[in-house]
Amino acid sequence: MRMVVPRHSLLALLGTALLLATFASFAHGAAVMSVDLGSEWMKVGVVSPGVPMEIALNKESKRKTPSTIAFRNGDRVFGEDAQTLGVRFPANSFAYLIDLLGKTIDNPMVELYRKRFPYYDIVEDPKRKTVVFRAGEEQFTIEELIAQLLQVAKVYAEDSTGQTITECVLIVPGFFGQAERTALVSAARLANLKVLQLINDYTAVALNYGIFRRKEINETAQYFLFYDMGAYKTSAAVVSYQLVKDKATRETHPVVQVLGVGYDRTLGGLEMQIRLRDYLGQEFNKLGKTKTDVFSNPRAMAKLFKEAGRLKNVLSANTEHYAQIEGLLDEQDFRLLVTREQFEKLCSDLYDRVTAPLDKALAGAGLALDVINQVVLFGGNTRVPKMQDILRAHIGQELAKNINADEAACMGAVYRAADLATGFKVKKFITKDAVLFPIQVVFDREGDSGALRQVRRTLFGAMNSYPQKKVITFNKHTDDFEFTVQYAELESVLGKNANTLGSTDLARVRLSEVAKKLKANTAADNVESKGIKAHFVLDDSGIFSLANVELVLEKTLRKGEEEEDGDESTFQKIGNTISKLFSGDTDEKPTAETKPTGGDSESETPEEAEQPKGEETDKGTAKEEEKGTGEATTKDAKPETNGTATGDETAKNATAKPKIVTLKETIPSKVELTYLAPLDGDSYEASAKRLTALDAIDNAKKRRETALNALESFVIDAQVKLDEEEYASCGTPEEIETIRKRCSELSDWLYEDGADADAETYEKKLEDLRGVANEVYARHWEHNERPDALDALKQMINGSEAFLRNAKNFTKDVNPEKDVFTTVEIETLEKAIRNTIEWRDTEVAEQEKQPRNAPVRLTVKDITDRMAMLDREVKYLVNKLKLWRPKVKPTKPPKPEKTTSTEAGGESSGDSKESAEEVLEQTPVKEQEEPLAGDASDKTEETVETIDPTATVKDKVKAEGDHTEL
């Protein structure tokens, strides 16, 4: 028996479909990505609505792409194509670029890069003193090269998701300073990407590790150490996992916090590969096959470098392997057996540095190795057996290899991107990173003797968590002054490599109109200055900034001012009350400055306080915070009483404390960055213009290749099809001959004069050829698709006839209780069905008389138009049936009660008729009720008709099936 679906269920399904369609429309374009732009490889993670986190594939369908870009004869290539081109033209292929960001030409890391790759022509940017690569007549800044790699990552992500992507999270090494981080943000801006966050690589890996082990995290802190050795650097980070309750929302979330970090920015797989390259070059020179020194030939050095990389990977799994290079130099081949023992001897001093980052991370966290649950490896070069043996012996336990060494950081970053983006809702997982390079404020202050002395105040100490906000109060300055922001204690953090960070000065801040503001606001004797407060921010990307500077004043209100203030503060109180409803604040402890909860924190450092060390910074500022808590925006003190009621107002005023309000006045400030200036202004516009020109060249090249391929494919396809009877029968002999001739002419032209034609020429010739061939193709399509269209029309007619048979049961003549349709409507549908059948039979007969190459008489469009007309007629009646409701007859008022004798004698026949009438009058009311699916009342005839009015009798089951199919 066919199940009948209630009308309200159908409406609910329709509403759900509309909601899903609306959400899909809203969510379109909400995809975000993460980019792990490593020195050697680039991985791209994506997440889009309805699709889980995944790695975007490149054009070779691989999950990682070499971070290489090359230029040659106006062409620009990336990835493996760039590596291949780099073997032939090493100076035109640029790789291992990420560590050159934010560095001047005299930085030690730039000098090391020049030493490793001597064939690059690196010059100085005349304005910013940064790295510029010169290849022939073209020059590219380091930001431009990184931006082009990010553009490629964006293309891969958009191809993977099918959506436009404008937001991303970028992975950076934890030792990147302010200059490197701002330079990467500038490069992303050149690539038309909005950076949601710069996340440290070990933080991203720790986040990825935690989100898949959420159930294992509890209120007790669990400690893990993540060890990474990549191509360029080695790092180690100690983190803790713990469930923490948010004080504001009262919700419990897992938190991963970085406690200690150690790193070696020159220890990595690249250094091993460079040493193996140099060893192979020395061995080739010893063979004496040519008088030319192999180290003087850039192309030979590029071949040796490529072979050294392959050999390094093979020796990780094998004890020995042959290095083989054909035509290394002067057409001389090179073949040499290299053992793993020889390779490890070349890198013996590097292996001595393997455990140092791990020990430094533990020391920074203040933890012993025995409290660490696991040491987790990630990074490609942790697969080297010697590396694992050294670490295993040092920690005395087995190493954990339960994460994807290549993709863990990228997947953790894309989870963070989904959390920060507006189109997704993910399970909260809080991350707290740690400051590697302390930041301090330095200013001059006049001492008791009148001489100026330099004062230093640490804002963000080493291993302090961020994002974080800090406030410093200058309460001894009464005139315009300036202060500087610098790195602090770099010797203890970096040691002899402190100069790799670049300039230690970060910014110079000049404050103006200080005396003017003080004089204007402290003229009255009831106003007292509480100093100048400077608010600093270290955001979740690790980038430092000055939020604002303000003069804080306290005003003691006199008696008249209190009354005036009371009159004027009515609306202020209403506004404050509304604000507190949303912020959750109360009137119990009014504060001048609010300390945020969760990831952000704000503490205050007074000018005159002695500077504590390390973790004591926050403790030392606690008293000042308490003091600031007392300085409320409005301070109301309750009058003191002796517990007795009195009506004397004078006595109350005498015992009441004065009301104090806090006033804030913005102090103009000018911030001048003293480290490497980010790409901005005219330099940024010039770089953007250069990249736009390169994109235009690539688009023109892609358009030409697409047009050429389309023309060649159409010519070959046409020649093949015309040899088939199926297509040849659809064209006249003249048409077939014309198409063959045009194809032959175009084929000859493509391999002669047309080899260098532009895209517009190819597109025009393709359009002309299509104009000749499409007439034949159109006839073939009509003959091929017509049978399916006629079958669809037949099904439409059968369904309409079945519906017509059922509809006749809903007329006044057949069923007066359910007169849904009029006689005219039934006759109109009947006439439409009859006319459609007659038209179909006539047109099919006429079309069969025509040859295949004659103009088509019965087109597919004609058939679909007839189907649309018939469907329109049926839908009109179906909609009317859905909207129809049975008419309810008015009930008669109850008659007076019978006498006692009548009741005792029993009911009369008239009473029985009256009761029957009342039941009949109530029947339509029951028909209006729509039972739920599966209700027992579905079995009644009236209920079935209400749900599915197309059937009125039980013997119409077949008709019901036809109508449901329609």
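The preceding data block contains the structure.
Right, let's walk through the structure included here.

Calculation criteria
- Residues numbered from 1 in each chain as written.
- Predicted model: local features only at pLDDT ≥ 70, side-chain atom pairs only at ≥ 80, totals over all residues.
- Heavy atoms only, no water.
- Helix = DSSP H or I, 4+ residues; strand = E, 2+ residues; numbered from the N terminus.
- Buried < 20%, exposed > 50% of the residue type's maximum accessible area, 1.4 Å probe, protein only.
- Contact = heavy atoms within 4.5 Å.
- Areas by Shrake-Rupley, 256 points an atom, 1.4 Å probe, with all protein chains shown as cover.
- Axes fitted to C-alpha atoms, helices over the stretch in contact; angles between N-to-C directions.
- Parallel < 35°, antiparallel > 145°, perpendicular 65-115°, else oblique.
- Left-handed = near helix turned anticlockwise from the far one by under 90°.
- Nonpolar A, V, L, I, M, F, W, Y, C, P; charged D, E, K, R; others polar.
- Lys, Arg positive; Asp, Glu negative; His and termini not counted.
- Salt bridge = Lys/Arg side-chain N within 4 Å of Asp/Glu carboxyl O.
- Polar contact = N/O pair within 3.5 Å; in protein donor to acceptor, adjacent residues only side chain to side chain.
- Pairing = 2+ DSSP bridges.
- Expected span 1.5 Å × (residues − 1).
- Core = buried A, V, L, I, M, F, W, Y, C linked by side-chain atoms within 4.5 Å.

### Notes on the overall build of the protein chain
- Along the protein chain, the regular secondary structure elements total 30 helices and 31 strands.
- Across the 966 residues of the protein chain, 45% fall into the buried class.
- At a minimum sequence separation of 6, the contacts of the protein chain that also span at least 24 residues come to 71%.
- If you sum the accessible surface of the protein chain, you get close to 50600 Å²; carbon and sulfur atoms cover 51% of it.

### Details of the packing of helix α24 (residues 759-807) against helix α26 (residues 860-883)
- Remark: α24 packs on α26, axes separated minimally by 9 Å, with the N-to-C direction vectors making an angle of 20°. In terms of their interaxial angle, α24 and α26 are classed as roughly parallel. Handedness of the crossing formed by α24 with α26: left-handed. Across the interface between the two elements, Trp-781, Glu-782, Glu-785, Arg-786, Ala-789, Leu-790, Ala-792, Leu-793, Met-796, Ile-797, Ser-800 and Phe-803 from α24 touch Val-860, Ile-863, Met-867, Leu-870, Asp-871, Val-874, Leu-877 and Val-878 from α26.
- For the contact of α24 with α26, the residue count by class is 15 nonpolar, one polar and four charged.

### Examining the side chain of Arg-213
- Tracing the sequence through the fold places Arg-213 in the loop between α6 (201-211) and β13 (222-229).
- The side chain of Arg-213 sits in the buried core without any salt bridge; Glu-216 is the nearest counter-charge, 4.9 Å away.
- Among the polar contacts listed, one links the side chain of Arg-213 to the backbone oxygen of Tyr-209, at a separation of 3.1 Å.

### A closer look at the pairing of strand β20 (residues 439-446)
- Counting buried residues along β20, six of its eight residues qualify, which places the element largely inside the surrounding structure.
- Pairing of β20 with strand β21 (residues 452-460) involves eight bridges; the strand directions are antiparallel. Paired with Asp-444 across the two strands is Gln-454, which belongs to β21.

### Section: helix α25 (residues 823-849)
- Spanning 27 residues, α25 covers 40 Å between terminal C-alpha atoms, matching the ideal 39 Å at 1.5 Å per step.
- Of all the positions in α25, only Glu-825, Ile-826, Leu-829, Ala-832, Ile-833, Thr-836, Trp-839, Glu-843 and Gln-847 are classed as buried.
- Buried residues along α25 sit against α24 and α26.

### Things to note about the nonpolar core
- Ranked by size, the top nonpolar core spans 188 residues in total, and within it Phe-133, Ile-146, Tyr-227, Phe-483 and Phe-536 carry the most contacts.
- Looking at which element gives the most residues to this core, the answer is helix α4 (residues 142-161), with 10 residues.

### Some remarks on the sheet that holds strand β14 (residues 234-245)
- In spatial order, the strands read β18-β13-β14-β15-β19-β22; together these six strands make up an open sheet with mixed pairing. Edge positions in the sheet fall to β18 (372-378) and β22 (465-466), since each of these pairs with one other strand and no more.
- Taken together, the 12 bridges between β14 and strand β15 (residues 252-264) define a ladder with antiparallel strand orientation. Within β15, the position partnered with Lys-245 by the bridge is Thr-252.

### So, the environment of Ser-296
- Within the fold, Ser-296 resides in the loop between α7 (269-287) and α8 (298-315).
- For the pair Ser-296 and Pro-118, spaced 178 residues apart in sequence, the C-alpha separation works out to 9.4 Å.
- Reaching out from Ser-296, the side chain makes a polar contact with the backbone oxygen of Asp-293 at a distance of 2.6 Å.

### Quick notes on the pattern of salt bridges
- Evaluated as defined, the whole model comprises 52 salt bridges.
- A salt bridge links Lys-664 to Glu-550; the shortest N-O distance between them is 3.9 Å. Note that Lys-664 is positioned in strand β30 (residues 659-666) and Glu-550 in strand β27 (residues 544-557), a separation of 114 residues in sequence.
- For Glu-550, a relative accessible area of 11% translates into the label buried.
- For Lys-875, the salt bridge goes to Asp-871, with nearest N and O atoms at 3.3 Å. Of this pair, Lys-875 and Asp-871 both sit in helix α26, four residues apart, which is roughly one turn of that helix.
- The class for Asp-871 is partly exposed, based on a relative accessible area of 23%.
- Where salt bridges share partners, they join Asp-99, Lys-103, Glu-180 and Arg-265 into one cluster.

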